[in-house]
Amino acid sequence: MASPKIKLNNGVEIPIVGLGTWQSKPEEVITAVEYALKEAGYRHIDCAWAYDNEKEVGEGIRRSGVPRSEIFLTSKLWCTHHNRVEAALDETLANLGTDYLDLYLVHWPIHLNPNGNHPKFPTRPDGSRDVLTDWKIRDTWAQMEAVLAKGKVRAIGVSNFSERILEQDLLPYAKVVPAVDQVELHLYNPQLKLVEYLKSKGIVPQAYSPLGSTNSPLLQDETASALAQKYGLSTADILLGYLVAKDIVTLTKSVNPKRIKSNIEGALAAAKKLTKEDIEKLDGVAASGKQMRLIQPPWGVDLGFDNWPVRVQGRN
Ligand SMILES: NC(=O)c1ccc[n+]([C@@H]2O[C@H](COP(=O)([O-])OP(=O)(O)OC[C@H]3O[C@@H](n4cnc5c(N)ncnc54)[C@H](OP(=O)(O)O)[C@@H]3O)[C@@H](O)[C@H]2O)c1
């Protein structure tokens, strides 16, 4: 089933449902991507250098036989690479076996020490993450703008950026407004204010972990399950359709062919069936005592999000 598309702020179109690849094992992701493209109608794949499986995603794309021009391909700049965006992008392009990306995102608003004790997660002697707290995110963004100008990517965006970081550290200095902000969005973390803010700035919200990620508590949610029963769909369908119905680009991961197919079909079916009242009910679930963030790396930095109860060591 083909996913409808929405327009980014530079006119590029993005399919509203995409296949996630985080935690997809290299040997599994080849067949997952191949199946998603060839059999399930996906045309949008979300990747990242940090997922350690870009080469296999590229292999899945090639095996699918679907032309590159029909696929919307996203990858992300890792935190240890903020000082060398173009070189990091070139590595990602080589991994994926392509000469351009449709979207390149700054994975986190954090620069980790590129000369630290680990290529991905460097730590200080006390075990805390080796964050370069003096780094200015605007310096990362200027390099993102440069690779966009060179035509190596069709759009640039951010991930895990709060309203505060966008307002204080990025937008006042940006020549190009980010096309998207990819953040944790789901029934238990709907971030209603952030979504409204992003839309007011012309930044498309992208939902990661829409099902609640691995071992999700969301799949047992009573409100979503009741709606699933009402419409003859699965709870997963309702969780995904809830976001799609709000024009949020929804990235869902599976390596299981049945679930890969049912996720895109169910998301689009549920988005059509859910009424305004259903959406209002779902919007209220988190505030009724179920608010929960699932993805909270121990950066030790205040990222400016609501409901981010981590110890703060500094501010970037
Ligand atoms: N920018 C960021 O910092 C960031 C952070 C997290 C995620 N992401 C992106 O967003 C994507 C999606 O998020 P996510 O992977 O955390 O989680 P998710 O898509 O919410 O959930 C994936 C989990 O749910 C299972 N699953 C998939 N479909 C299902 C269904 N219909 N019924 C029951 N279980 C199902 C999957 O297992 P099976 O594979 O066995 O089906 C997997 O364990 C990622 O893959 C990644 O591309 C980005």
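Refer to the structure presented above.
Residues numbered from 1 in each chain as written. Predicted model: local features only at pLDDT ≥ 70, side-chain atom pairs only at ≥ 80, totals over all residues. Heavy atoms only, no water.

Novice: Quick rundown of the pairing of strand β6 (residues 103-106)? Include the residues and the values.
Specialist: Alternating positions in β6 separate into two faces, L103 and L105 on one and Y104 and V106 on the other, with burial throughout. Strand direction decides the pairing type here: strand β5 (residues 72-77) and β6, joined by four bridges, are parallel. Paired with T74 across the two strands is L103, which belongs to β6. Once you follow β5 into helix α3 (residues 85-96) and on to β6, the crossover reads as right-handed. (Buried < 20%, exposed > 50% of the residue type's maximum accessible area, 1.4 Å probe, protein only. Helix = DSSP H or I, 4+ residues; strand = E, 2+ residues; numbered from the N terminus. Pairing = 2+ DSSP bridges. Right-handed = clockwise from strand over helix to strand, strands pointing away.)

Novice: Describe in detail the site of the ligand, supporting the description with residues and values.
Specialist: The ligand sits among 28 residues. The nearest are D46, L211, S213, S254 and R259. In the model, an oxygen atom of the ligand is placed 2.8 Å from a nitrogen or oxygen of the K253 side chain. Starting from 910 Å² of accessible surface for the ligand in isolation, the protein chains cover 88%. Taken atom by atom, the bulk of the ligand overlaps the largest pocket. Taken together, the elements giving at least two residues each to the shell around the ligand come down to β10 (249-253) and α9 (257-273). Ranked by the residues each element gives to the shell around the ligand, the list is headed by β10, at three residues. In terms of residue class, the shell around the ligand is built from ten nonpolar, 14 polar and four charged. (Near = heavy atom within 4 Å. Polar contact = N/O pair within 3.5 Å; in protein donor to acceptor, adjacent residues only side chain to side chain. Areas by Shrake-Rupley, 256 points an atom, 1.4 Å probe, with all protein chains shown as cover. 1 Å grid on protein atoms, 1.4 Å probe; cavity = no way out; pocket = protein on both sides within 12 Å on 5 of 7 lines; lining within 4 Å. Sits in = over half its atoms within 2 Å of the grid points. Nonpolar A, V, L, I, M, F, W, Y, C, P; charged D, E, K, R; others polar.)

Novice: I'd like a rundown of the pattern of salt bridges, residues and numbers included.
Specialist: Counted under the stated rule, the structure contains 19 salt bridges. As a salt-bridge pair, K150 and E86 come within 2.8 Å of each other at their nearest N and O atoms. Highlighted residues: K150 in the loop between α4 (137-149) and β7 (156-159) and E86 in helix α3, separated in sequence by 64 residues. With a relative accessible area of 57%, K150 lands in the exposed category. (Salt bridge = Lys/Arg side-chain N within 4 Å of Asp/Glu carboxyl O.)

Novice: Give a description of the packing of aromatic side chains that names residues and reports values.
Specialist: With the rule as written, the count across this model stands at three aromatic pairs. When the ring of W78 is compared with that of F121, the centres are 5.5 Å apart and the planes differ by 85 degrees; the resulting orientation is edge-to-face. Here the residue W78 occupies a position in the loop between β5 and α3, and F121 occupies one in the loop between β6 and α4, the gap between them amounting to 43 residues. These aromatic residues form a ring-pair network of at least three members: W78, W108, F121 and W299. Stacked on the ring of W299, the Lys or Arg R129 has its end atom at 5.3 Å from the ring centre. (Phe/Tyr/Trp six-rings, centres within 6.5 Å; stacked < 30°, edge-to-face > 60°. Lys NZ or Arg CZ within 6 Å of the ring centre and 35° of its normal.)

Novice: Quick rundown of unusual backbone geometry? Include the residues and the values.
Specialist: One non-glycine residue, Q23, lies in positive phi territory at about 70 degrees. You can see Q23 is positioned in the loop between β3 (17-20) and α1 (26-38). Notably, S209 is not glycine yet its phi reads approximately 50 degrees, a positive angle. For S209, the location among the structural elements is in the loop between β9 (204-208) and α7 (222-231). Residue class for S209 comes out buried when judged on its relative accessible area of 10%.

Novice: Can you break down the nonpolar core residue by residue, with the values?
Specialist: Counting 99 residues, the largest nonpolar core has W108 and W299 as the members making the most contacts within it. Top element by residues in this core is helix α8 (residues 235-244). It accounts for seven residues. Those residues in contact with W108 that sit more than four places away from it in its chain are W78, C79, H82, S159, N160, F161, Y208, I295, P297, W299, L303 and W308. (Core = buried A, V, L, I, M, F, W, Y, C linked by side-chain atoms within 4.5 Å. Contact = heavy atoms within 4.5 Å.)

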